[in-house]
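The residues making up each chain are set out below.
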Amino acid sequence: VAAMAEGFATCALCVKGYLRPQRRFATDPYTAESIFLCACSGCAALSLSPQPSPQYIADQYAGYFQRRSPDTRIKVPAFLWMLRRLGISLSGKRVLDAGAGEGNLVRAINLAAPTARVTAVEPLWKPELADDLEVEVIAEPFERFIAHYAGARFDVVFLLDFIEHLQAPRNAIVELAARLLKPGGQLVVTTPNSDAASRRLFGRMWPQYKVEHLFYYSRASLRAIGDAAGLTTVSLRTHQKRLPIEYLLNVGGSFGPPLLQRGVRWLNKLVPRPVQRLSITARYGEWLWVASKVPVSETGL
Ligand SMILES: [Zn+2]
């Protein structure tokens, strides 16, 4: 920590505060460097510094989706529930899902709004998981997609459990808003909430802490990014999710702090199957941020 403290880096989210190391987070096996969890003196968001090497992050993603529930479609009802609560009409709209994973949000959009035209960006896309979907798939990293796809204009962009993985999220969202979002278009973001009560409660065992989660956002950091991107925040609140117990036990037993994983795997053996099929509505330490690109006519310009 002393070595880090000599050179304070500027926060990549608010670009005003500086990073204060909180604790050693991990040791990168490829560079042998210590990675620190740092808090911003300005916006209070957390970030990993230095960022893990590409090889270390790639290791975390190896078999990423396979480590989850054997039935990947278990999340579709949860996304349908979220879409109903969001109340954003997707019918006939051009929709982007960045970080589409196994395609469960795409599946939910296909069901909820069959006339929506969906584009999914996912470098790890597995066609066999989603060959029955109505979707245009771009199997490349998001940053490259933004650079190549400057002509596309989307009505609604979903970045769900995604921006915490980006190496330069502020720049990506600024570019996205400028080049890919239609005037009046909406951005829907879910991401770990560094202000969450669960973070204080769990301490180092907070399930959101992962090597591949490079950023943990505070309210102020999302506001700062929204301002930089010219977005107007429609709502910024703690995200309520409705998830099957089976899914929670599966994810908790495969990701996050190792001690927590062991505890959850033990719990998985104890909880009977019928109980595991039930869903729990709760706050899981995340933000739900909805922001809109205000049309030029409404800004008075
Ligand atoms: Zn900051």
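Refer to the preceding data block for the structure.
Only a predicted model underlies this, so the values are computations on that prediction, with no experimental measurement involved.

1. Some words on the overall build of the chain
The helix and strand inventory of the chain stands at twelve helices and eleven strands. Considered along the principal axes of its C-alpha atoms, the chain spans approximately 55 × 55 × 35 Å. Burial statistics for the chain: of 301 residues in total, 52% are counted as buried. Within the chain, contacts between residues at least 6 apart in sequence are counted, and of these 69% link residues at least 24 apart. Here the chain displays about 14000 Å² of accessible surface, and carbon together with sulfur accounts for 54% of that area. Distance from the positive charge centre (36 side chains) to the negative charge centre (25 side chains) of the chain: 7 Å.

2. Quick notes on helix 2 (residues 54-61)
Listed as buried for helix 2 are Tyr56, Ile57 and Gln60. An end-on view of helix 2 places all buried positions within 95 degrees of arc, on one side of the element. Buried residues belonging to helix 2 abut strand 1 (19-27) and strand 2 (34-40).

3. Remarks on the coordination of the zinc ion
For the zinc ion, the full set of protein donor atoms is Cys11 (SG), Cys14 (SG), Cys40 (SG) and Cys43 (SG), and the range of their distances to it is 2.3 Å. Taken together, the four donor atoms coordinating the zinc ion span angles of 103 to 118 degrees at the metal, a pattern that classifies the geometry as tetrahedral. Coordination of the zinc ion draws on donor residues from a single chain, spaced C-x2-C-x25-C-x2-C in sequence. By the burial criterion, Cys11 is buried, and Cys14 matches it.

4. Concerning the packing of aromatic side chains
In the structure shown here, the tally under the stated rule is eight aromatic pairs. On the basis of an interplanar angle of 50 degrees and a centroid distance of 5.9 Å, the ring pair of Trp206 and Tyr216 is categorised as tilted. Here the residue Trp206 occupies a position in the loop between helix 7 (197-202) and strand 9 (215-216), and Tyr216 occupies one in strand 9, the gap between them amounting to ten residues. Taken as a pair, Trp206 and Tyr216 share a single burial class, namely buried. Through successive ring pairs, a cluster of aromatic residues spans Phe25, Trp206, Tyr209 and Tyr216. For Arg23, the ring lying beneath its charged end belongs to Tyr209, and the centroid distance is 5.1 Å. Sitting above the plane of the Phe154 ring, Arg94 keeps its charged end 4.9 Å from the centroid.

5. Notes on the sheet that holds strand 10 (residues 231-244)
Taken together, seven strands build an open sheet; the order of strands is 6-5-4-7-8-11-10 and the sheet is mixed. Each edge of the sheet is formed by a strand with only one pairing partner; in this case those strands are strand 6 (136-138) and strand 10. Strand-to-strand twist across the sheet, computed as the mean angle between neighbouring axes with direction ignored, equals 20 degrees. Bridge count for strand 4 (residues 94-98) against strand 7 (residues 154-160) is three bridges, and the pairing is parallel. Within the sheet, the bridge partner assigned to Leu96 lies in strand 7 and is Val157. Against the sheet, helix 4 (residues 104-112) engages strand 4, strand 5 (117-121) and strand 7, with an angle of about 180 degrees to strand 5. Across the sheet, helix 9 (residues 245-252) lies against strand 10 and strand 11 (279-293), angled at about 100 degrees from strand 10, the strand it touches most.

6. Describing the sheet that holds strand 3 (residues 46-49)
One open sheet accounts for four strands, arranged 1-2-3-9; its pairing is antiparallel. A single partner strand is all that each edge strand has here, and the edge strands are strand 1 and strand 9. Bridge count between strand 3 and strand 9: two bridges; the pairing is antiparallel. Residue pairing across strands places Leu46 opposite Tyr216, the latter belonging to strand 9.

7. Topic: the pattern of salt bridges
Under the criterion given, the structure shown has five salt bridges. A salt bridge links Asp132 to Arg107; the shortest N-O distance between them is 3.1 Å. On the criterion of sequence distance, the pair formed by Asp132 in the loop between strand 5 and strand 6 and Arg107 in helix 4 is long-range, its members being 25 residues apart. Exposure remark for Asp132: the relative accessible area of 47% places this residue in the partly exposed category. Residues Arg179 and Glu175 are paired through a salt bridge, measuring 2.7 Å at the closest nitrogen-oxygen approach. Of the two residues, Arg179 and Glu175 both sit in helix 6 (residues 169-179), four residues apart, roughly one turn of that helix. On the basis of relative accessible area, Glu175 is assigned to the partly exposed category, the value being 26%. Residues participating in the shared-partner salt-bridge network are Asp161, Lys241 and Glu286.

8. Comments concerning the environment of Phe158
With respect to the helices and strands, Phe158 occurs in strand 7. On the basis of relative accessible area, Phe158 is assigned to the buried category, the value being 1%. A C-alpha to C-alpha distance of 21 Å links Phe158 and Asp131, two positions 27 residues apart in sequence. Setting aside residues no more than four positions away along its own chain, Phe158 makes contact with Met82, Leu83, Leu86, Leu90, Val95, Leu96, Asp97, Ala98, Leu105, Ile109 and Val188.

Cut-offs used in this document
- Residues numbered from 1 in each chain as written.
- Predicted model: local features only at pLDDT ≥ 70, side-chain atom pairs only at ≥ 80, totals over all residues.
- Heavy atoms only, no water.
- Helix = DSSP H or I, 4+ residues; strand = E, 2+ residues; numbered from the N terminus.
- Buried < 20%, exposed > 50% of the residue type's maximum accessible area, 1.4 Å probe, protein only.
- Contact = heavy atoms within 4.5 Å.
- Areas by Shrake-Rupley, 256 points an atom, 1.4 Å probe, with all protein chains shown as cover.
- Lys, Arg positive; Asp, Glu negative; His and termini not counted.
- Charge placed at Lys NZ, Arg CZ, Asp CG, Glu CD.
- Arc of directions from axis to C-beta.
- Donors = N, O, S within 2.8 Å, 3.2 Å for Na, K, Ca; no water.
- Tetrahedral: all angles 85-135°; square planar, octahedral: opposite > 155°, others 65-115°.
- Phe/Tyr/Trp six-rings, centres within 6.5 Å; stacked < 30°, edge-to-face > 60°.
- Lys NZ or Arg CZ within 6 Å of the ring centre and 35° of its normal.
- Pairing = 2+ DSSP bridges.
- Axes fitted to C-alpha atoms, helices over the stretch in contact; angles between N-to-C directions.
- Salt bridge = Lys/Arg side-chain N within 4 Å of Asp/Glu carboxyl O.

Everything listed here is a matter of geometry and, on its own, says nothing about what the molecule does.
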